[in-house]
Amino acid sequence: MPYDEPEIDDPQELVGVALPGDESVTLEMAAAFADEFAQLGYTRPQILGLFRRAEYTGAHQAWTLLGEETIGRLVDESLAVWSHIEVRIIDGVDDGAQPLHLFRNATRS
Amino acid sequence: MATVKNWQLGRDMAYPYDARYPTRQFAFVFNINRCIACQSCTMACKSTWTFNKGQEHMWWANVETKPYGGYPKWWDAKILEKLEDANPGGQVWGGKVGDGRVGPYGTFEGQTIFEAAQKTLSPDSARVLGYLPTDEEWNSPNIYEDNPAGKRGVRNKLDETGEQLPVHNTWFFYLARICNHCTYPACLAACPRKAIYKRPEDGIVLLDQSECRGYRKCVEACPYKKSMYRGNTRTSEKCIACFPRVEGTDPETGGEPMETRCMSACIGQIRMQGLVKIAEDGSWAEDRQHPLYFLVHVAKVALPLYPQFGTQPNGYYIPPRWVARPYLRQMFGPGVDRAIANYVNPSRELLGVLQLFRRSNRIIYRYEIQEGPKIYDGSLHGRKVELYNDTVIAFGKSGREIFRTTVEEPVHVRTNAHANSI
């Protein structure tokens, strides 16, 4: 990570490599997050909250670059499809947790 | 060196030991499209296994920002560069992406880390091409990735109030990593003490602390840099795949194998772990109703991480759909384009199997889908989408049902008895 301005004539200077990408890539990344979290059952405020929070850098950067309106549109598109799915999970019959037996039972001899 | 079969490379390759395969193999699939780098997995592992003195720098599970970061720093760029130096211009794939269980990504025509070592290293005891990361490379995972960076021109000092965040002006993604419990482990191959072994029952690679003398050959050899040296015990340590949980000895499950801490803690539900059947030649035996077999060999959406290293890693990734394809092809091999195409336009069965991710902390051995009526027919971002009210049923080792999922029903709130299920 460079700390100073690059010194072009320094042979030890890190050489940057251009990465292909433009706004459409950011759009695709934002759409992917919107799709995935809509599939997980998140609501509109929850997904938008993810984008707004700076801690989630990927989503937040897309929100910063594309704006609330575009992100909101992507989220609405995703929810239009995935809000039709609300997953219900039914656990199988369980024998229940086994006791750890870390301590000697006082009633036992 | 012996000759072994590597199904990911579609050819035989050199390895220091004869092939020995477990009956089942610890394996996992991570869906990168969902990862937001919350680091829940990282902290679950840290708080379980590496919280002691001398382990401060150890993160057996970590999530790094690609292509900007890595733990240790530049781990993949460095080994890729070494391989390129050993075989300039020759690290390429040939053949065609196909449907077979062996060589589904074509044939790798370059050199693995074992083959490159034979040609470039001396003495003969140097069995694996690798390098030892510096202390500086180990000591600050994620630094300068998404975290507050220091002011420009100020060395070794972070921005104390955190307002200066790095901005990546183009694509990036989060890569969650643990030990891949490789079929041909480089750490095992390099250990002069034979302290590292692969368990015949589940393929988990363990490092025997009583045999280790801290030569760090495993740290040098592992291309994924998931073997780490502990200074205060003078031994190396690595991910143990939470083997007590995988063995089913956790009291919660009553003998049923349980997924690892990092898998269970994943709030983004990107992870699924399993134990897949292994054929006599080391490839995956056909097991059509196993969810990992389906994702890797049927739907072909999950790909190994840097298969060209030659260790036949058992961690698989559903690649991020927004990332530049040349970068992904280097990281996951030539199967990337097909994997993303299949993921973006998922089959009905794939949509069902994706429902299995993180619904339970039990290891799934088999699934069934009971087909239901179509509930939606439309488009999303210009792509056709059809949704069905299918019921997906997961079964455990004993053959008993672990859970089932249906759609268009109210969200099930777990009872207090299951509230803390991670």
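### A few points about the overall build of chain A
Within chain A, the secondary structure is distributed over 3 helices and 1 strand. The N-to-C order of helical and strand elements in chain A reads α-α-α-β. Taken over 109 residues, chain A has a buried fraction of 25%. Long-range pairs, those at least 24 residues apart, make up 60% of the contacts in chain A between residues at least 6 apart in sequence.

### Quick notes on the overall build of chain B
In terms of helices and strands, chain B carries 12 helices and 19 strands. Radius of gyration (C-alpha) of chain B: 21 Å, near the 22 Å computed for a compact globule of 422 residues. Projected onto the principal axes, the alpha-carbon positions of chain B cover approximately 65 × 55 × 45 Å. The proportion of buried residues among the 422 residues of chain B is 50%.

### A look at the domain arrangement of chain B
Residues and elements named next belong to chain B. Along its sequence, chain B is organised into domain 1 (2-344) and domain 2 (348-412). Relative to domain 2, the C-alpha centre of domain 1 lies at a distance of 28 Å. Tallying the contact residues gives 22 residues for domain 1 and 17 residues for domain 2. Of all the elements in the fold, those that place two or more residues in the side of domain 1 that touches domain 2 are strand 12 (271-277) and helix 9 (291-298). Residue contributions to the side of domain 1 that touches domain 2 peak at 5 residues, all from strand 12. Classifying every residue of the side of domain 1 that touches domain 2 by side-chain character gives 11 nonpolar, 8 polar and 3 charged.

### Structural notes on the confidence of the model for chain B
Considering every residue of chain B, the mean pLDDT works out to 91; 90% of them sit at 70 or more. Both confidence scores are given for the complex: pTM 0.89, ipTM 0.80.

### What about helix 10 (residues 325-332) of chain B?
Residues and elements named next belong to chain B. Burial in helix 10 covers these residues: Leu328, Met331 and Phe332. Mapping the buried residues of helix 10 onto a view down its axis gives an arc of 75 degrees, with all of them on the same face. Check the buried side of helix 10 and you find it contacts strand 13 (303-304), strand 14 (315-318) and helix 11 (336-344).

### With respect to the environment of Ile340 of chain B
All names here are of chain B. Among the structural elements, Ile340 can be located in helix 11. By C-beta crowding, Ile340 is classed as buried, having 22 other C-beta atoms within 10 Å. Taking the C-alpha atoms as reference points, Ile340 and Leu356, 16 residues apart in sequence, are found 19 Å from one another.

### Observations concerning the sheet that holds strand 15 (residues 366-370) of chain B
Ordered by their spatial adjacency, 4 strands build an open sheet running 1(A)-19(B)-18(B)-15(B), and the pairing between neighbours is antiparallel. Of all strands in the sheet, those with a lone pairing partner are strand 1 (88-91) of chain A together with strand 15 of chain B, marking the two edges. For this sheet, the mean inter-axis angle between neighbouring strands, taken without regard to orientation, is 20 degrees. Inspection of the sheet shows strand 18 (residues 391-395) of chain B paired to strand 19 (residues 401-406) of chain B by 4 bridges, in the antiparallel sense. Opposite Ile393 of chain B, over in strand 19 of chain B, you have Arg404 of chain B as the bridge partner.

### Remarks on the sheet that holds strand 14 of chain B
Residue and element names in this part refer to chain B. Strand order in the open sheet formed by 4 strands is 12-3-14-13, and the pairing between neighbours is mixed. The open sheet is flanked by strand 12 and strand 13, the only strands paired with a single partner. Taken together, the 2 bridges between strand 13 and strand 14 define a ladder with antiparallel strand orientation. Within strand 14, the residue paired with Leu303 across the bridge is Tyr317.

### Side note on the pairing of strand 12 of chain B
Residue and element names in this part refer to chain B. Across the 7 residues that make up strand 12, a large majority, 6, are buried. Of the strand pairs in this sheet, strand 3 (residues 24-31) and strand 12 are connected by 7 bridges, and their pairing is antiparallel. Within strand 12, the residue paired with Phe30 across the bridge is Arg271.

### Describing unusual backbone geometry
All names here are of chain B. The linkage connecting Lys66 with the following residue, Pro67, adopts the cis geometry, with an omega of 5 degrees. Tracing the chain through its elements places Pro67 in the loop between strand 4 (62-66) and helix 2 (75-86). In this structure, the amide linkage connecting Tyr71 to the following residue, Pro72, adopts the cis form with an omega of -10 degrees. Summarising the element assignment, Pro72 is placed in the loop between strand 4 and helix 2.

### Quick notes on the environment of Ala38 of chain A
All names here are of chain A. Tracing the backbone through its elements, the reader meets Ala38 in helix 1 (residues 23-39). When the 25 C-beta atoms within 10 Å are taken as the criterion, Ala38 is described as buried. For the pair Ala38 and Leu79, spaced 41 residues apart in sequence, the C-alpha to C-alpha distance is 5.8 Å.

### Observations regarding the environment of Ser210 of chain B
All names here are of chain B. Residue position: Ser210 is located in the loop between strand 9 (205-207) and helix 6 (217-221). With 6 C-beta atoms packed within 10 Å, Ser210 lands in the exposed category. Separated by 98 residues in the primary sequence, Ser210 and Gln308 place their C-alpha atoms 33 Å from one another.

### Describing the packing of helix 2 (residues 44-52) of chain A against helix 3 (residues 57-82) of chain A
Residue and element names in this part refer to chain A. Running from N to C, helix 2 and helix 3 cross one another at 165 degrees; their axes reach a closest spacing of 9 Å. As the angle between them shows, helix 2 and helix 3 are arranged roughly antiparallel. Viewed along their axes, helix 2 and helix 3 form a crossing whose handedness is right-handed. Side by side, helix 2 and helix 3 meet where Arg44, Ile47, Leu48, Leu50, Phe51 and Arg52 of the first sit next to Ala59, His60, Ala62, Trp63, Ile71, Gly72, Val75 and Leu79 of the second. Looking at side-chain class alone, the contact of helix 2 with helix 3 contains 10 nonpolar, 2 polar and 2 charged residues.

The rules behind the values
- Residues numbered from 1 in each chain as written.
- Chains lettered and ligands numbered in written order.
- Predicted model: local features only at pLDDT ≥ 70, side-chain atom pairs only at ≥ 80, totals over all residues.
- Helix = DSSP H or I, 4+ residues; strand = E, 2+ residues; numbered from the N terminus.
- Buried ≥ 20, exposed ≤ 12 C-beta atoms within 10 Å, placed from the backbone.
- Contact = placed C-beta atoms within 7 Å.
- Rg over C-alpha atoms; globule rule 2.2 N^0.38 Å.
- Domains from an automatic or database assignment.
- Nonpolar A, V, L, I, M, F, W, Y, C, P; charged D, E, K, R; others polar.
- pLDDT = per-residue confidence, 0-100.
- Arc of directions from axis to C-beta.
- Pairing = 2+ DSSP bridges.
- Axes fitted to C-alpha atoms, helices over the stretch in contact; angles between N-to-C directions.
- Parallel < 35°, antiparallel > 145°, perpendicular 65-115°, else oblique.
- Left-handed = near helix turned anticlockwise from the far one by under 90°.

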